[in-house]
Amino acid sequence: MKKFLFLLIAGFCTVQLSGQTINFSVQPLSGESELSAASQEMLQNKLRQIITRNSAGAANDYNVFVIEPVITVLDKQSTSGLMRNTTLVKGELTLVAKNRIDGSMYHSAVVFVSGQAAEGADPYKAMISALRTTDPVYTRFIRIARQKIQDYYAANCATILQKAQSLYNLKKYPEALSYLSAVSESVPCYEQASVLQTELAQYVPDVQPDTVIIQKVIEKPVEVEKIVEVEKIVEKPVVVEKVVEKPVIVEKVVEKPVAQETPAARCEITLSTNRLQFKVLKCTGNATQQRITILAEMTNVDTGRNTDEFLRFTSAFTDSGTECKNFEIQNGAWMKMPPRVTVRREFYVTNVFDRFSLFSYIELLVADTKVYIRNLPVQWQ
């Protein structure tokens with residue numbers, strides 16, 4: 001039992017750490033190179049050793065942050081007519097920390113390298129073998145690159161979210177999740193990124209923990225009292241998850257119209273949290289445009305939250321059980337929702353070719369609240 005809980009502690013701590021660390025993959029040499037395939041593979045292994053030694057290795061192939069090496073040969077000299085002819089190669093190894101998705105380059109460092117080999121041997125292998133993975137220049141390079149990435153994300157918050165949303169729309173969920181991994185709590189769009197990361201997590205399988213991080217956690221002494229605390233921590237999310245999945249509020253729209261307000265459509269609405277009020281004002285269909293427009297009214301009742309929120313039209317079914325698959329949202333997927341301020345937004349179902357009487361089921365996502373709508377009539381124009 002102790003052994004099982006001990007491993008559970010290691011796994012939990014690893015997840016917490018990996019979400020806060022910017023890690024890198026190694027890209028192969030680009031373009032033509034004088035290095036043989038064996039020399040290039042040796043360089044790849046050297047760089048992997050460097051990032052592993054600095055606890056910066058990516059856990060999977062979807063990582064967006066990469067280190068791209070560039071070898072520049074500055075001088076190559078060979079001797080002849082001697083008892084032991086040799087070839088001397090001098091050059092520069094340039095390391096570039098970049099984003100493989102959008103090509104952004106954050107930091108670079110240059111290391112002078114050289115190698116000497118006997119006649120018939122590969123001098124480039126000797127040059128790469130001479131690289132010292134313990135050289136502080138690599139540790140400094142990774143540290144500065146991580147800081148530059150954080151600075152870039154803080155200064156380009158909106159662009160980062162848009163790019164992550166594009167990856168999400170392309171169903172590149174692991175890449176989108178990795179793209180958002182550098183958004184720290186100090187970044188202005190941290191809350192919006194957290195909402196999107198929560199959505200992405202359900203599509204991304206669990207990644208095996210980083211060996212280095214696990215090793216550090218396992219080396220920590222485990223006491224019986226700590227094991228009891230971890231049991232509570234592990235069980236607590238399960239309880240919360242059950243509460244979230246169970247609809248908290250069942251709103252039935254009052255049929256009697258309120259003065260100076262648009263009458264609400266007659267339907268049944270349930271919400272997964274109590275942090276949102278939601279009402280459908282009307283649902284109209286336009287056969288010419290082959291589109292159905294759902295006008296909704298929403299109020300953020302969480303006084304501690306005042307940010308741009310993420311919206312998503314998840315699914316819709318007609319009264320005959322036909323699933324609609326084409327959705328759009330007015331003005332895009334992000335909307336400012338100040339506390340206690342009622343806002344309106346139109347949700348569209350497009351490519352509608354049949355005139356049906358009602359939606360039997362609709363599911364939306366507004367911030368961290370799931371909205372379930374049942375039996376919503378369609379008024380055709």
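See the structure shown above.
The structure contained in this document is the topic of the report that follows. (Residues numbered from 1 in each chain as written. Predicted model: local features only at pLDDT ≥ 70, side-chain atom pairs only at ≥ 80, totals over all residues. Heavy atoms only, no water.)

1. Quick word on the packing of aromatic side chains
All told, the structure shown has 15 aromatic pairs when counted by the stated rule. Considering the side-chain rings of phenylalanine 65 and tyrosine 153, the 6.0 Å spacing of their centres and the 55° angle between planes classify their relative orientation as tilted. Of this pair, phenylalanine 65 sits in strand E2 (residues 65-78) while tyrosine 153 sits in helix H4 (residues 136-155), placing them 88 residues apart in sequence. Phenylalanine 65 gets classed as buried once you look at its relative accessible area, which sits at 0%. Seen from their ring centres, phenylalanine 356 and tryptophan 380 are 6.2 Å apart, and the 90° between their planes marks the pair as edge-to-face. Highlighted residues: phenylalanine 356 in the loop between strand E13 (342-350) and strand E14 (358-366) and tryptophan 380 in strand E16 (residues 379-380), separated in sequence by 24 residues. Ring pairs connect the aromatic residues Tyr168, Tyr173, Tyr203, Phe310 and Trp334, which therefore count as one cluster. Positioned above the aromatic ring of tyrosine 348, the side-chain terminus of arginine 291 is 4.4 Å from the ring centre. (Phe/Tyr/Trp six-rings, centres within 6.5 Å; stacked < 30°, edge-to-face > 60°. Helix = DSSP H or I, 4+ residues; strand = E, 2+ residues; numbered from the N terminus. Buried < 20%, exposed > 50% of the residue type's maximum accessible area, 1.4 Å probe, protein only. Lys NZ or Arg CZ within 6 Å of the ring centre and 35° of its normal.)

2. Considering helix H7 (residues 190-201)
Taking 1.5 Å per residue as the helical rise, H7 with its 12 residues ought to reach 16 Å, and the 16 Å between its terminal C-alpha atoms agrees with that figure. For H7, every residue scored as buried is listed here: Gln192, Ala193, Val195, Leu196, Glu199 and Leu200. Around the axis of H7, the buried residues are gathered within 155° of arc, so they sit on the same side. Tucked into the core, H7 has its buried residues touching helix H5 (157-169), helix H6 (173-179), strand E9 (308-318), strand E12 (334-336) and E14. (Expected span 1.5 Å × (residues − 1). Arc of directions from axis to C-beta. Contact = heavy atoms within 4.5 Å.)

3. Quick look at a nonpolar patch on the surface
Residues Leu74, Val110 and Phe112 make up a contiguous nonpolar surface patch of roughly 330 Å² in combined accessible area. Note on placement: leucine 74 falls in strand E2. (Patch = residues over 30% accessible without salt bridge, like charges linked within 9 Å, V, L, I, M, F, W, Y side chains within 5 Å. Areas by Shrake-Rupley, 256 points an atom, 1.4 Å probe, with all protein chains shown as cover. Salt bridge = Lys/Arg side-chain N within 4 Å of Asp/Glu carboxyl O.)

4. Brief notes about the sheet that holds strand E1 (residues 25-26)
Across the sheet, which stays open at both edges, the four strands sit in the order E1-E2-E3-E4 with mixed pairing between neighbours. With one partner strand each, in any of the chains shown, E1 and strand E4 (105-118) form the two edges of the open sheet. Judged from the 13 bridges that link them, strand E3 (residues 86-99) and E4 form a sheet pairing that is antiparallel. In the strand pairing of E4, glutamate 92 is matched with phenylalanine 112. Against the sheet, helix H2 (residues 37-53) engages E1, E2 and E3, with an angle of about 130° to E2. Lying on the sheet, H4 is in contact with E2, E3 and E4; it crosses E4 at an angle near 160°. (Pairing = 2+ DSSP bridges. Axes fitted to C-alpha atoms, helices over the stretch in contact; angles between N-to-C directions.)

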